[in-house]
Amino acid sequence: MNICVIPGDGIGPEVMAVATDALRRLAPDLTLVEAEAGWGVFQRTGTALPETTLAIAREATAILFGAVASPSYPVPGYRSPIVELRRTLDLYANIRPTTGPGVDLVIVRENTEDLYSGRERLEDDGNTAIAERVITRNASARIVRTACELARTRQTTGHPGKVTIVHKANVLRVSDGLFRTVAFEIAADYPELSFEERLVDVAAMQLAAQPQRFDVIVTTNLFGDILSDIACIHGGGLGVAASSNLGQDRALFEPVHGAAPDIAGRGIANPTAALNCVVMLLDWLNRPQAADHLRRAIAAVATAGICTPDVGGEATTREVADAILEQLTIQP
């Protein structure tokens, strides 16, 4: 079974090195195949996602993705490799859990369309920029169904089985209007669940102030991107937040933190998010014992106060990694 590992840019290679060390220890039967993508690759080769990388990703059972830097200005020929992987491999569901004191919620984000569809252009001699927002019935239906199935599964472990549908249909009446309509059509198939709706600005405020009121949130691509970053504050911040990108028969796991170029190479990057990606990967591969072993190792090291500066500690990336790997030597 092959796992494609894409370290990427910035702190991506640093945290992925820790993640792959843990994965090799917990699942030595897996074959890890490294591939390249990102801004550095684009500058060197003219493409951010080489065809060789895409071929490896297509053949792999799952992908571990580090981080990529992306320019904040137009660059001819550049396309975000993570967005391209999600679209090309049809990894339509982005799942981002947040757990913390009194908080246990999941944001389910549509992953293939919306304003991330890449339909942008300049008009009026470059004085007007236009982006097209794409919302389809099919993508809306399958992401809401994914959220409902997740809520139903969580309900069996004591969660309330509540789905919050987030949109801005009072302003975006056509695009979010379609999303909202489809969401409630799907909701009718799940009478055992409860449903509510929130405008995205209200949802953001409540998520920041009262996260415990939420169970499963389902929304469109851009809104989900923003809301999940708000949510991760309650779970320890970006340095520990992980996400899965799920399709029909494959998955990609990535830390939420991005390339963090300001700390790249300094040896202080927090590897916890990348390690949590390994936890999610092992769960997805139906290896719950290995996943739980790593989960408990991460928790034990955090409890011991061995942590990087972003979460108030003084440890280096390597010190955190070594402490967690040492915990993994203890039999579960």
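Now for a look at the structure at hand. Per chain, residue numbering runs from 1 following the sequence as it is written. Per-residue local features are limited, in this predicted model, to residues with pLDDT of at least 70; the limit for side-chain atom pairs, both in listing and counting, is 80 or more; totals at the level of whole chains, interfaces and linings are taken over all residues. For the side-chain quantities, the full set of heavy atoms in the structure was used; hydrogens and water were omitted.

## Digging into the overall build of the protein
Link 1 in the chain: Helix and strand assignments follow DSSP, with helices taken as H or I runs no shorter than four residues and strands as E runs no shorter than two, numbered in order from the N terminus. Broken down by element type, the protein carries 11 helices and 12 strands.
Link 2 in the chain: Just to be clear, the radius of gyration here is over C-alpha atoms, and the globule rule we use is 2.2 Å times residues to the power 0.38. The C-alpha atoms of the protein give a radius of gyration of 20 Å, which matches the 20 Å a tight globule of 332 residues would have.
Link 3 in the chain: Only protein chains enter the accessibility calculation, which uses a 1.4 Å probe; a residue whose area is less than 20% of its type maximum is buried, one above 50% is exposed, and one in between is partly exposed. Expressed as a percentage of the 332 residues in the protein, the buried residues total 53%.
Link 4 in the chain: Contacts are residue-level and defined by heavy atoms, with any inter-residue pair within 4.5 Å sufficient. Intrachain contacts of the protein at a sequence separation of at least 6 include 72% that bridge at least 24 residues.
Link 5 in the chain: The Shrake-Rupley method, run with a 1.4 Å probe sphere, supplies the accessible areas, and residue values consider only the shown protein chains as cover. Taken as a whole, the protein presents about 14,800 Å² of accessible surface, with 53% of it coming from carbon and sulfur.
Link 6 in the chain: A distance of 4 Å separates the average location of the 29 positive side-chain charges in the protein from that of its 40 negative side-chain charges. In this tally, Asp and Glu contribute negative charge and Lys and Arg positive charge; neither His nor the terminal groups of the chain are included. For this purpose, a charge sits on NZ of Lys, CZ of Arg, CG of Asp or CD of Glu.

## Quick word on the packing of helix H1 (residues 12-26) against helix H11 (residues 317-328)
Link 1 in the chain: Lines fitted to C-alpha atoms define the axes, with helix axes restricted to the stretch in contact, and inter-axis angles between N-to-C directions lie between 0 and 180 degrees. Interhelical geometry of H1 versus H11 gives an angle of 10° and a closest axis separation of 11 Å. When the interaxial angle is binned, H1 and H11 end up roughly parallel. Every residue of H11 that contacts H1 at Glu14, Val18, Asp21, Ala22, Arg25 and Leu26 is listed here: Thr317, Arg318, Ala321, Leu325, Glu326 and Leu328.
Link 2 in the chain: For the contact of H1 with H11, the per-class residue count stands at 6 nonpolar, 1 polar and 5 charged. What sets the label is the angle itself: under 35 degrees gives roughly parallel, over 145 gives roughly antiparallel, 65 to 115 gives roughly perpendicular, and the rest give oblique. In this count, Pro and Cys sit with the nonpolar residues alongside Ala, Val, Leu, Ile, Met, Phe, Trp and Tyr, while Asp, Glu, Lys and Arg are called charged and the others, Gly among them, polar.

## Topic: the packing of helix H5 (residues 137-155) against helix H6 (residues 175-187)
Link 1 in the chain: At their nearest, the axes of H5 and H6 sit 9 Å apart, and the two run at 45° to each other. Relative to H6, H5 is oriented oblique. Seen along the crossing, H5 lies across H6 with a hand that is right-handed. Residues Arg137, Ser140, Ala141, Ile143, Val144, Arg145 and Cys148 of H5 form the contact with H6, whose participating residues are Leu178, Phe179, Val182, Ala183, Glu185 and Ile186.
Link 2 in the chain: By residue class, the composition of the contact of H5 with H6 is 9 nonpolar, 1 polar and 3 charged. Crossing handedness follows the turn of the near helix against the far one: under a right angle anticlockwise gives a left-handed crossing, and clockwise gives a right-handed one.

## Re H6
Three- or four-residue spacings in an α-helix give side chains the same orientation, since the helix completes a turn every 3.6 residues.
Link 1 in the chain: Helix span, as expected, comes to 1.5 Å for every residue beyond the first. Helix length check: H6, at 13 residues, gives a terminal C-alpha distance of 19 Å against a target of 18 Å (1.5 Å per residue), a fit within 8%.
Link 2 in the chain: Here H6 has its buried residues at Ser175, Asp176, Gly177, Phe179, Val182, Ala183, Ile186 and Ala187.

## Considering the pattern of salt bridges
Link 1 in the chain: Salt bridge, as applied in this entry: a Lys or Arg side-chain nitrogen positioned within 4 Å of an Asp or Glu carboxyl oxygen. Under the definition given, this model contains 29 salt bridges.
Link 2 in the chain: Across the pair Arg133 and Asp114 runs a salt bridge, and its minimum N-O distance is 2.7 Å. Taken together, the positions of Arg133 in the loop between strand S7 (128-131) and H5 and Asp114 in the loop between strand S5 (103-110) and strand S6 (120-123) put the pair 19 residues apart, joining distant regions of the chain.
Link 3 in the chain: For the salt bridge of Glu123 with Arg121, the shortest nitrogen-to-oxygen distance reads 2.8 Å.
Link 4 in the chain: Through salt bridges with shared partners, a single ionic network connects Arg119, Arg121, Glu123 and Glu132.

## Some thoughts on the environment of Ala273
Link 1 in the chain: Structurally, Ala273 can be placed in helix H9 (residues 272-284).
Link 2 in the chain: Each C-alpha atom of the pair Ala273 and Val15 lies 8.3 Å from the other, and the pair is 258 residues apart in sequence.
Link 3 in the chain: Among residues more than four places away in sequence, those in contact with Ala273 are Leu238, Gly239, Val240, Ala241, Ala242, Pro255 and His257.

## Let's talk about unusual backbone geometry
Link 1 in the chain: Located in the positive-phi region is Asp114, a residue other than glycine, with phi close to 65°.
Link 2 in the chain: With a relative accessible area of 1%, Asp114 lands in the buried category.
Link 3 in the chain: Even without a glycine there, the phi angle at Asp124 is positive, about 55°.

## Side note on the packing of aromatic side chains
Link 1 in the chain: Here a pair means two rings of Phe, Tyr or Trp (six-membered ring of Trp) with centres within 6.5 Å. Their orientation is stacked below 30 degrees between planes, edge-to-face above 60, and tilted elsewhere. If you walk through the whole model with that rule in mind, you get 4 aromatic pairs.
Link 2 in the chain: Both rings, one in Trp39 and one in Phe42, keep their centres 5.5 Å apart while their planes meet at 15°; by these two values the pair is stacked. Remark: Phe42 and Trp39 occur in helix H2 (residues 39-45); sequence separation between them is 3 residues, near one turn of the helix. You'll find Trp39 and Phe42 in the same group, each marked buried.

## Overview of the pairing of strand S11 (residues 242-246)
Link 1 in the chain: Most of S11 is tucked away, with 4 of its 5 residues classed as buried.
Link 2 in the chain: Where strand S4 (residues 93-100) lies against S11, 3 bridges are found, and the strand directions are antiparallel. Residue pairing for S11: Ile95 is matched across the bridge by Ser244.
Link 3 in the chain: For two strands to pair, DSSP has to find at least two bridges joining them. The pairing of S11 with strand S12 (residues 251-255) spans 5 bridges and is antiparallel. In the strand pairing of S12, Leu246 is matched with Ala251.
Link 4 in the chain: As consecutive antiparallel partners, S11 and S12 are separated by 4 residues.

## Thoughts on the nonpolar core
Link 1 in the chain: Nonpolar cores were defined as sets of buried Ala, Val, Leu, Ile, Met, Phe, Trp, Tyr and Cys residues, with membership established by side-chain atoms within 4.5 Å. One finds Leu23, Leu64, Phe253, Leu281, Leu282, Leu294 and Ile324 to be the most contacted residues of the largest nonpolar core, which totals 44 residues.
Link 2 in the chain: Those elements that place two or more of their residues in this core are strand S1 (2-8), H1, strand S3 (62-67), S12, H9, helix H10 (288-303) and H11.
Link 3 in the chain: It is H9 that provides the largest number of residues to this core, a total of 8 residues.
Link 4 in the chain: Ignoring sequence-local partners within four residues, the contact set of Phe253 consists of Ala62, Ile63, Leu64, Phe65, Ser243, Ser244, Cys277, Met280, Leu281 and Trp284.

As far as function goes, none of this settles anything; it's purely spatial.
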